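Secondary and tertiary structure notes
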Amino acid sequence: MKIFFQLFMAHLKDMFRDKMVLFWFFLFPVLFVFLYGTIFSSTGNEKFTISLAAPEKSPTVAIFEKMPVFEITYLNQEQALNNIKQGKTDVAVIIQNNGADKEQVFVHYKNDQNSTGTIVAGLIRQVLTEVELAKSGLPRHYQIIERPEDEQTLRMIDYILPGILAMAIMQLGLFGSMQFVTYREKRIIKRLALAPISKVSFLSSEIFLRLIMSLVQGLLILSIGNLVYKVPIQGSPIAIVGIILLGSSVFISLGYLICSFAKTTEAANGLVQAVQFPMMFLSGIFFPLSFLPASMLPVVKAMPLTYLGDSLRQIILGLSGEFNLLTGIIVLVGWLVVTLFLAIHFFRWE
Amino acid sequence: MDQVIYVENLRHTYNDVVAVDDISFFVKRGEIFGLLGPNGAGKSTTTEILVGLKKRKAGLVKVLGFDPQDSDNEFKKRIGVQLQTPALFERLKVKEMLHLFASFYPQPLKVKETLELVGLEEKQNTLSSKLSGGQLQRLSVALALISNADIIFLDEPTTGLDPQSRRGMWDVIEDLQKQGKTIFLTTHYLDEAEKLCGRVAIVDYGKIIALGTPEELIHYHFAEQALEFNIPVEKRHLLASTVEGAKIEFNENRATVYTTEVVSTVASLLSLKDNGFKLDSLTVRGATLEDVFLKLTGRRIRE
């Protein structure tokens, strides 16, 4: 136990004094959180911008002003039209008084697909029709009651945060195992073989350190996501710790397997890159699997990162995912058993 | 006689290359035993077999009663080893490396004491990746010493050290012997072997070509004294007729004449004066292990 602790401390110091390790394993995922968080944390409740040119005391303007989703800039006609041309506003609205309480409302917007302008134009039409209808006092035949299915809206950052954690766990497992190749290459393993210690305690102290680091990553990423970007953490801490440890074990094991085939650290780096790169982009950790062409799905559905990302998302957010949670966990355990078996089989001390 | 290392007909090959060719020797408790030979003679291979890092191809090896190649931690607790290539955690400090290794052994030396022994007190807080070659070498030796084990194996412990540090290391090794340790040492420095070793085995191409105390080896092979002086290459032929019967070795413009009759040889050499021959830088010395190696192999060890 004393020796295990000493070896653990040696690994810890050797690792944490490497600035690159600190960057890639901790700072890099955190930067990802801030990057994606800043870009994708909008809730969809943002305001629509209207460049408005209207006569004074226009009743239409009074209606617009009551709408909290409209952010109105008052301009003259020319400026408003200029803004729409330059894409500085969602819509430009020109209001002309036709006398006797009648107003003409010109809505200018860019009529391309997915443009917010189309939505805002529709919204304006709906609002004014609604007011008109109310004024006319006509009887109503239809009543629309909206009931959105989702109890919470899943923002992009909510989706991506568990993905970033999955990525961090993968990189720690895969790249972390390269350290062992370095120890082998620098003959540290050979030197330790001369000391009265079991080689297994050397290896197990290294693996233990990785598992702890993955939990620290989890704590770091989830805390920042929750505190800064208000990502809701619904899962129980035990379930979250469990899935992190399972995922981390899979990738540590896969890492050692890959590294068994590399003589040098450079070779190991190449092999690890070749494995982690496709997974990073194809496993749906950053976007839903439905974005991928169907022909890719068999490959995607074979990757452990796909299931780790999906399971993490389900457990952390408390939502259902692409796969049944149990299926995801079974696939991960399967990956762990197979890679562990192969890693032990191909393992080389020297 | 207490033999702590016993080797009989040891043989090792790498593919078809014979690295260790049927060697036999023993090491007594408390002695400094040296394996002396040029690079590639099989010294490191022999050391690695003795400490249990390599499995031998043939022969019998016993170290402290254990067969190293089936050795367990009980055996490893009793040997301290320094290998030729230092292998260290790059980002661990010198004293951290020593604390780590101290934790492996039942009765280790104190870290502070070990640092003083090898002269690394000043560097104890330096990362091992920041050490110079000589300092690394000393740390590597320190890791062998801290075990406080019965036998200390040192594979070329002074290679890469400056002359002053080498002498310091010799003092350390002699101190170890005084504490009752057995030291198995390999070196390609003849002066080192001569100074430190109780007994020396000279190895060349995997074979032991001579074995004994340095004095025995020198007296057995050389009853003569060595006369050394400068002589231009084109005048070498003059020597043969002047010092008839004596053995002469040339190394560039330096000649070595081995003789039992120093006075008469010098006298006959002086008679060459008329041929414009000046006996520049004449020295007279007893033979050394260097001469023994030269005589046995026809080569100098550092060639």
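Residues numbered from 1 in each chain as written. Chains lettered and ligands numbered in written order. Predicted model: local features only at pLDDT ≥ 70, side-chain atom pairs only at ≥ 80, totals over all residues. Heavy atoms only, no water.

Some remarks on the packing of aromatic side chains
Residues and elements named next belong to chain A. Throughout the structure, instances matching the rule amount to 31 aromatic pairs over all chains. Chaining the aromatic ring pairs together yields one cluster made of Phe23, Trp24, Phe28, Phe32, Tyr36 and Phe286. Positioned over the ring face of Tyr159 is Arg313, at 3.7 Å from the centre of the ring. (Phe/Tyr/Trp six-rings, centres within 6.5 Å; stacked < 30°, edge-to-face > 60°. Lys NZ or Arg CZ within 6 Å of the ring centre and 35° of its normal.)

Section: the pairing of strand β6 (residues 151-155) of chain B
Residue and element names in this part refer to chain B. Of all the five residues making up β6, five are buried; the element is thus mostly covered by neighbouring parts of the structure. Neither face of β6 is exposed, since Ile151, Phe153 and Asp155 on one face and Ile152 and Leu154 on the opposite face are all buried. Both strand β5 (residues 79-82) and β6 contribute to a ladder of four bridges, which runs parallel. From the neighbouring strand, Ile79 faces β6, where its bridge partner is Ile151. One ladder, built from five bridges, connects β6 with strand β7 (residues 182-187); its direction is parallel. Bridging from a neighbouring strand, Ile151 pairs with Thr182 of β7. Viewed along the sheet, the connection from β6 through helix α6 (residues 163-178) into β7 turns out right-handed. (Buried < 20%, exposed > 50% of the residue type's maximum accessible area, 1.4 Å probe, protein only. Helix = DSSP H or I, 4+ residues; strand = E, 2+ residues; numbered from the N terminus. Pairing = 2+ DSSP bridges. Right-handed = clockwise from strand over helix to strand, strands pointing away.)

Points about the sheet that holds β7(B)
Residue and element names in this part refer to chain B. If you walk across this open sheet you meet the six strands as β5-β6-β7-β3-β8-β9, and the pairing is mixed. In this open sheet, the two edge strands, each paired with only one partner strand, are β5 and β9 (207-212). Here the average twist between neighbouring strands, direction ignored, is 15 degrees. The sheet contacts of helix α8 (residues 214-221) involve β8 (199-204) and β9, and relative to β9 the element is tilted by about 100 degrees. Here helix α11 (residues 289-297) sits on the sheet and contacts β3 (32-36), β8 and β9; the angle it forms with β8, its principal contact strand, is near 35 degrees. (Axes fitted to C-alpha atoms, helices over the stretch in contact; angles between N-to-C directions. Contact = heavy atoms within 4.5 Å.)

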